[in-house]
Amino acid sequence: MKIFLAQQNYHIGNFEENTRKIIEGINKAKDAKADLVLFSELCICGYPPRDFLEFNDFINQSYDAIDLIKQHADTIGVLVGGPARNPLKKGKELFNAVFFLYENELKAEVHKTLLPTYDVFDENRYFEPAFEWKVIPFKGKKLAVTICEDIWNLGDNPLYRSSPMDTLIEQAPDVMLNLSASPYNYAQDVVRKSIVEATVVKYKLPMLYCNTVGSQTEIVFDGGSMVYNTSAQLVHEMKYFEEDYALFNLEELAPRFPQTSGGVGIAIEHQQIHTNKIVSSHTDSHINEPKTEAHNLDTRMGRDHATTIYYYSATEVGRGIDTLEYLVNDKNIDEIYHALVLGIKDYFKKLGFTKATLGASGGIDSAVVQVLAVHALGKDNVRVLLMPSEYSSDHSVSDAEALSKNLGNEFDIVPIKDVYNSFLSTLKPIFKDLPFGIAEENIQSRTRGNLLMAMANKFNYILLNTSNKSELATGYGTLYGDMAGGLSVLGDLYKMQVYALAKYLNKNGEVVPNNILTKVPSAELRPNQKDSDSLPDYPVLDRILYQYIELRQGPKEIVAQGYEPKLVARILKLVNTNEYKRNQFCPIIRVSCKAFGVGRRLPIVGKYLS
């Protein structure tokens, strides 16, 4: 049996375009002489559809799309994902489903069992879990079809009480097929491979795993669909951050496990592996966990390459080494670059916009956003404003000019002095002779925000926000000023990651002027201002923030790592007391396992650590 994987980029609620792409994928599979073609989870409607699922018309259009796709599923089997109605009165009205189409008919329906309801996922809000599990017979083979999270229940502390494969395996399937919408973060590829491989090891069946690609507002899907043979070897890994197609022969994926000398079957080892961190069949140079818990599986499976370790959670990856070393390593920064470019590109394309603007301050954050915008949209579609004030240094303007000249994008210099002074004059009767302070600083920032939004409105641009995660975490930003924007590009990158990304952008020659990389960070809202006047040094700050935000470590755990208690208390208080600012912020392109936004839900008026 020949099986075709179609890794495609969908648009939520764009049934016409999604259906066209799926039919195009079917035709590609037919041209490749495939017997069966796999698409990804909820590909018909796009993932995540969220509250669109509450509209009956949305579900009707999804079913209409299935009827169109069915016409092309004549001589080829087709597995597509979409919402399915629950015929029972009890339970939620919908299933997260896979439809098996063949001979122009709906032959089978598979429902998702394990519904993730954490971080950016909220599937239990909409879907009923499956209550029956059956393999799909097709051309003499039995297909065990699962949907994304259905295979993510491994390790010694699984999230769910049971797994659908435990039932399906009793029906003697020949292959596991998984349709996924697995979002990107810079640990996800490591975890995803671990999960797929561990599943193959446990059930002793090959797996073809088809993931979606593309960005949906803040969530980036990186693709990286993969195929493992029965020996738990990675046969093929598809492209990351772009569409891709590939054909596989099932008969070539099923070499059998060897027996150990003494006749003890490998199944004994599988059980041990399933309940512990276990050895991986491939070497990833970016896996940093010490190999203390590894079992010598490769020897028992006839492998001759080095062993690594499985990871079942993104928070496990990177432990055992310095936090900053992990956050800025080459592998992560390269992936982050491609994720952000795709995030910008798809946000504009799917909203029907083509042009961006941003404030170019001559600082590191705006410089990196500007380069990414040009790479995503093209230099002719990016126009920036340089808005110096009386507190701006000469090199800030010249550095920003140099960057725009290096990139070839349009820029305008609009000094804010007159606008700023008009605000001060207007407020003089109220402010009287009170000393210069945060109000005057924020007026400058909001003046710039107003000018940028005026440009966006006048010329149909989207304003790209340039705040980083370190600033957003600590509230080091001005509502309706430098926090304005339609999309946050760097809001999930700590400051030290931004510096690493800037160096990455210069790897083939200077694009970001070196002076921007070496100058002391400053908001330049008062004389001789530096970020360090208000915040701890970024290398220390970022390490503590990562422990608290991504790893959810409390103050005692962080202090136990050697940090000064008062410093930890101060930083955590800054994070929690500034939730009100982040609650009003624009969507942030997610690249970590815990980004601000829909995946991190904290009360604004909470007292904890504040």
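Before any of the text, the structure's been laid out above.
Residues numbered from 1 in each chain as written. Predicted model: local features only at pLDDT ≥ 70, side-chain atom pairs only at ≥ 80, totals over all residues. Heavy atoms only, no water.

Enquirer: So what's going on with the overall build of the protein? Residues and values would help.
Expert: Each helix and strand in the protein was counted, giving 19 helices and 21 strands. Expected size for 610 residues packed as a compact globule is a radius of gyration near 25 Å; at 26 Å, the protein falls within 12% of this value. Principal axes of the C-alpha set define a box for the protein whose edges measure 85 × 55 × 50 Å. Among the 610 residues that make up the protein, the fraction classed as buried is 58%. Long-range pairs, those at least 24 residues apart, make up 75% of the contacts in the protein between residues at least 6 apart in sequence. For the protein, the exposed surface amounts to about 25100 Å²; the carbon and sulfur share of it is 51%. (Helix = DSSP H or I, 4+ residues; strand = E, 2+ residues; numbered from the N terminus. Rg over C-alpha atoms; globule rule 2.2 N^0.38 Å. Buried < 20%, exposed > 50% of the residue type's maximum accessible area, 1.4 Å probe, protein only. Contact = heavy atoms within 4.5 Å. Areas by Shrake-Rupley, 256 points an atom, 1.4 Å probe, with all protein chains shown as cover.)

Enquirer: Now, about helix α12 (residues 438-459): what can you tell me, with residues and values included?
Expert: Under the 1.5 Å per step criterion, the end-to-end length of α12 is 32 Å for 22 residues, consistent within 8% with the ideal 32 Å. Residues of α12 that are buried: E440, E441, N442, I443, Q444, S445, T447, R448, G449, L452, M455 and A456. Just downstream of α12 lies N460, where phi reads positive at about 60°. (Expected span 1.5 Å × (residues − 1).)

Enquirer: Quick one: what's the story with the layout of surface pockets, residue by residue and with numbers?
Expert: A volume near 870 Å³ is recorded for the second largest pocket. In terms of lining, the second largest pocket is formed by 35 residues, of which the most central are Y118, W152, Y312, S313 and A314. Looking at side-chain class alone, the lining of the second largest pocket contains 15 nonpolar, nine polar and eleven charged residues. (1 Å grid on protein atoms, 1.4 Å probe; cavity = no way out; pocket = protein on both sides within 12 Å on 5 of 7 lines; lining within 4 Å. Points joined across faces, edges and corners; volume = space filled by probe spheres on them. Nonpolar A, V, L, I, M, F, W, Y, C, P; charged D, E, K, R; others polar.)

Enquirer: So what's going on with the sheet that holds strand β19 (residues 410-413)? Which residues, and what values?
Expert: Strand-to-strand pairing in sheets goes through backbone hydrogen bonds, with the strands running parallel or antiparallel. Judged by pairing direction, the sheet is parallel, and its five strands sit side by side in the order β19-β18-β17-β20-β21 without closing on themselves. Every interior strand has two partners, whereas the edge strands, β19 and β21 (487-488), have only one. Looking at chain direction, strand β17 (residues 356-359) and strand β18 (residues 382-386) are connected through four bridges and run parallel. Residue pairing for β18: G359 is matched across the bridge by L385. Running at roughly 155° to strand β20 (residues 462-465), helix α8 (residues 330-351) makes contact with β17, β20 and β21 of the sheet. (Pairing = 2+ DSSP bridges. Axes fitted to C-alpha atoms, helices over the stretch in contact; angles between N-to-C directions.)

Enquirer: Lay out the packing of helix α16 (residues 538-549) against helix α18 (residues 565-577) with the relevant residues and their values.
Expert: Remark: α16 packs on α18, axes separated minimally by 11 Å, with the N-to-C direction vectors making an angle of 65°. The handedness of the crossing between α16 and α18 comes out as right-handed. Here V540, L541, I544, L545 and Y548 of α16 come into contact with α18, specifically with L567, V568, I571, L572, V575 and N576. Here the contact of α16 with α18 is built from residues that sort into ten nonpolar, one polar and no charged. (Left-handed = near helix turned anticlockwise from the far one by under 90°.)

Enquirer: How would you summarise helix α2 (residues 56-70) if you had to cite specific residues and measurements?
Expert: Compared with the 21 Å implied by 1.5 Å per residue over 15 residues, the 21 Å span of α2 between its first and last C-alpha is a close match. Along α2, the residues that are buried comprise F58, I59, S62, A65, I66 and I69. The buried residues of α2 occupy an angular sector of 115° when projected down its axis, which confines them to one face. Looking at the buried positions of α2, the neighbouring elements they touch are α1 (15-31), β3 (77-85) and β4 (94-102). (Arc of directions from axis to C-beta.)

Enquirer: Explain the pattern of salt bridges residue by residue, including any values.
Expert: What the rule picks out here adds up to 33 salt bridges. A salt bridge links D189 to K331; its shortest N-O distance comes to 2.9 Å. Remark: K331 occurs in helix α8 and D189 occurs in helix α4 (residues 188-203); sequence separation between them is 142 residues. As far as burial versus exposure is concerned, D189 and K331 are alike and both buried. One salt bridge in this structure joins E242 and K239, with 3.9 Å as the shortest N-O distance. (Salt bridge = Lys/Arg side-chain N within 4 Å of Asp/Glu carboxyl O.)

Enquirer: Lay out the sheet that holds strand β14 (residues 244-249) in plain terms, naming residues and giving numbers.
Expert: Here we have six strands laid out as an open sheet, ordered β5-β4-β3-β2-β1-β14, and mixed in their pairing. The open sheet has two free edges, formed respectively by β5 (105-111) and β14, since each of these has just one partner strand. Each strand axis lies, on average, 30° off the axis of its neighbour in the sheet, ignoring direction. In this structure, strand β1 (residues 2-7) lies alongside strand β2 (residues 36-38), joined through three bridges in parallel fashion. For F4, the partnering residue across the bridge sits in β2 and is V37. Packed on one face of the sheet, α2 meets β3, β4 and β5 and runs near 165° to β3.

Enquirer: Mind laying out the pairing of strand β9 (residues 207-210), listing which residues take part and the relevant values?
Expert: Along any regular strand, the residues point their side chains to alternate faces of the sheet. Side chains of β9 alternate between two faces, with M207 and Y209 and L208 and C210 buried alike. With four bridges connecting them, strand β8 (residues 175-179) and β9 associate as parallel partners. Following the sheet pairing, L179 is matched in β9 by C210. Regarding the hand of the β-α-β motif, the stretch spanning β8, α4 and β9 is right-handed. The pairing of β9 with strand β12 (residues 226-228) spans three bridges and is classified as antiparallel. Each residue of the ladder has a partner; that of Y209, found in β12, is M226. (Right-handed = clockwise from strand over helix to strand, strands pointing away.)

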